[in-house]
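Architecture at a glance
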Amino acid sequence: MERMCERVADSEYHQIHHFISESPWSAREVFDTVALQTSEVLSTCGKVGLLIDESSHLKKGTKSVGVARQYSGTIGKVDNCQVAVYAGLSSGNHYGLIDTALYLPKEWTTDTKRCKKAGIPEAHRKYKTKPELALDIVKRQKANGVKFDWVGGDGLYGNAPDFLQGLDMLGLLFVIDVHSDQRIYTQPPLIKIPEAKPGRGRNTTSYKCEEKSVEVRQFAAAITDNEWHNIDIREGTKGTVKCKAHVCKVYTWQAGAPTSVERVLVIRKTQTATGEEMKYALSNAKDGQYSTKELVQMQAQRYFVERSFQDAKEQMGMSQYQVRGWLAWHHHMALVMRSMQFILNEKILFQKEIPLLSAYDIREVMANLYARKGTTYDEVMAQMKQRHKQRQDDIERNRGDN
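Everything numeric here is computed off the predicted structure, so don't read it as measured data.

Within the protein, the regular secondary structure consists of 14 helices and 14 strands. The globule rule puts the C-alpha radius of gyration for 402 residues at 21 Å, and the 24 Å found for the protein is close to it. In terms of principal-axis extent, the alpha carbons of the protein reach across some 90 × 65 × 40 Å. A burial count over the protein gives 46% of its 402 residues as buried. Put simply, the protein has 57 plus and 49 minus side-chain charges, and the middle of one group is 5 Å from the middle of the other.

As structure tokens, this is what we get:
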């Protein structure tokens, strides 16, 4: 805030501080408005995915709301941080974050005094897992009227049976990643309660599976060359993004459940600079309802939630805050998502005139014209055009290589 006040005319530190930390404006109303307006603009671009993922923000001390020593995907290890579940919408190469739920570890939800001091509303002091928070977000945005064609997410959510069952009950299509050790059955497994054995002892009353399961990575290793399909996923900055894919019907079973569940397994194999990369996903699509290409493209769209985090953190200051309380944290995130929606609108508005327009470009225009003195519009546009010429030259070179 101090840096902003140094650059922005007619701004005052205490006013901005009050606006973020204490002002009673509703972050929830901002999230919901951003979600609806992002949904509306993306509906003109094609099919829209609601993408779920979590992200962390490294913090020191113990007073920031939700902070604890926990796994941080940002650095790939346990550290002192805040973690939140986020939802974004994406269609084609367009994307934006629309909602979030701050994860509160049990050391927070069991400490009433600590929660009260951080301003956490009583309704949010109940412990919930990340998949439970994710399902709350999906339900909220569905009720909000946000339009999306499927739900995507990473392996944390794909390996949460209750989350997938919740999406089934909502009647929503999903294509969600699973871990490589996810176990599947290639045929409907026989599930029953074992017959009682003669003699003394307690009889088994829970359901058991009579069949042997296999890990998806083991299943993938047995796929023959002629069972893989060549798929063009999308056009990227370095040419067409391609992969090999295999899609088939499988079955999953949760221990103790009376029946198995029919799913569609989506396996994507991509060549990278470091070797071969495998992605696995499960879908509740009906067998034959979607083509292999459609399912693979839905799974691959998850790439853009990572792009959303990249833009939010590098260009919108998503992790660059010093607020501690519940209200201030949500205010900050609401403003970040409002900024992302503005950038999305600008990209779509100028996609014919400036097809390579990026979040960085828009930020530079805003910063130079409205925050920094002495820079003219023509100078800003000249710098942007030079960046775009270099990017286009790179694209043309990579097309030639392909």
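Right, picking up where we left off after that structure.
Taking 1.5 Å of rise per residue, 13 residues should cover 18 Å, and helix α11 (residues 303–315) covers 18 Å from first to last C-alpha, within 8% of that figure. Within α11, the full set of buried residues consists of F304, V305, S308, F309, D311, A312, K313 and Q315. Buried residues in α11 make contact with β1 (49–58), β3 (77–91), β4 (94–102), β11 (229–236), α12 (326–349) and α13 (359–370). Phi turns positive one or two residues past the end of α11, at G317, with a value near 70°.

Another aspect to go through is the side chain of T100. Structurally, T100 is set in strand β4. A relative accessible area of 2% means that T100 is categorised as buried. There is a polar contact of 3.0 Å between the side chain of T100 and the backbone oxygen of V85. If near-sequence neighbours (up to four positions away) are discounted, T100 is found in contact with R28, F31, A84, V85, Y86, I137, R140, W329, M333 and M337.

The next point concerns the packing of aromatic side chains. A full pass over the atoms with the stated rule returns six aromatic pairs. Its guanidinium or amino end placed over the ring of Y103, K130 lies 4.0 Å from that ring's centre, counting from NZ or CZ.

This part is about the nonpolar core. Membership of the largest hydrophobic core comes to 55 residues, with the highest contact counts inside it found for V65, Y86, L97, I120, M318 and W329. The greatest single-element share of this core, amounting to nine residues, is contributed by α12. Ignoring sequence-local partners within four residues, the contact set of I120 consists of V65, L104, W108, C115, R125 and W326. Within the second largest apolar cluster, 32 residues are counted, among which are A101, L135, I137 and A160.

The N-to-C vectors of helix α3 (residues 27–42) and helix α6 (residues 130–144) enclose an angle of 65°; their axes lie 10 Å apart at closest approach. Our classification of the angle between α3 and α6 gives roughly perpendicular. Considering how the two elements wind past one another, α3 and α6 form a crossing that is right-handed. Residues R28, D32, A35 and L36 of α3 lie in contact with α6, whose contacting residues are R140, Q141 and N144. For the contact of α3 with α6, the class distribution of residues is two nonpolar, two polar and three charged.

Cut-offs applied
Residues numbered from 1 in each chain as written. Predicted model: local features only at pLDDT ≥ 70, side-chain atom pairs only at ≥ 80, totals over all residues. Heavy atoms only, no water. Helix = DSSP H or I, 4+ residues; strand = E, 2+ residues; numbered from the N terminus. Rg over C-alpha atoms; globule rule 2.2 N^0.38 Å. Buried < 20%, exposed > 50% of the residue type's maximum accessible area, 1.4 Å probe, protein only. Lys, Arg positive; Asp, Glu negative; His and termini not counted. Charge placed at Lys NZ, Arg CZ, Asp CG, Glu CD. Expected span 1.5 Å × (residues − 1). Contact = heavy atoms within 4.5 Å. Polar contact = N/O pair within 3.5 Å; in protein donor to acceptor, adjacent residues only side chain to side chain. Phe/Tyr/Trp six-rings, centres within 6.5 Å; stacked < 30°, edge-to-face > 60°. Lys NZ or Arg CZ within 6 Å of the ring centre and 35° of its normal. Core = buried A, V, L, I, M, F, W, Y, C linked by side-chain atoms within 4.5 Å. Axes fitted to C-alpha atoms, helices over the stretch in contact; angles between N-to-C directions. Parallel < 35°, antiparallel > 145°, perpendicular 65-115°, else oblique. Left-handed = near helix turned anticlockwise from the far one by under 90°. Nonpolar A, V, L, I, M, F, W, Y, C, P; charged D, E, K, R; others polar.

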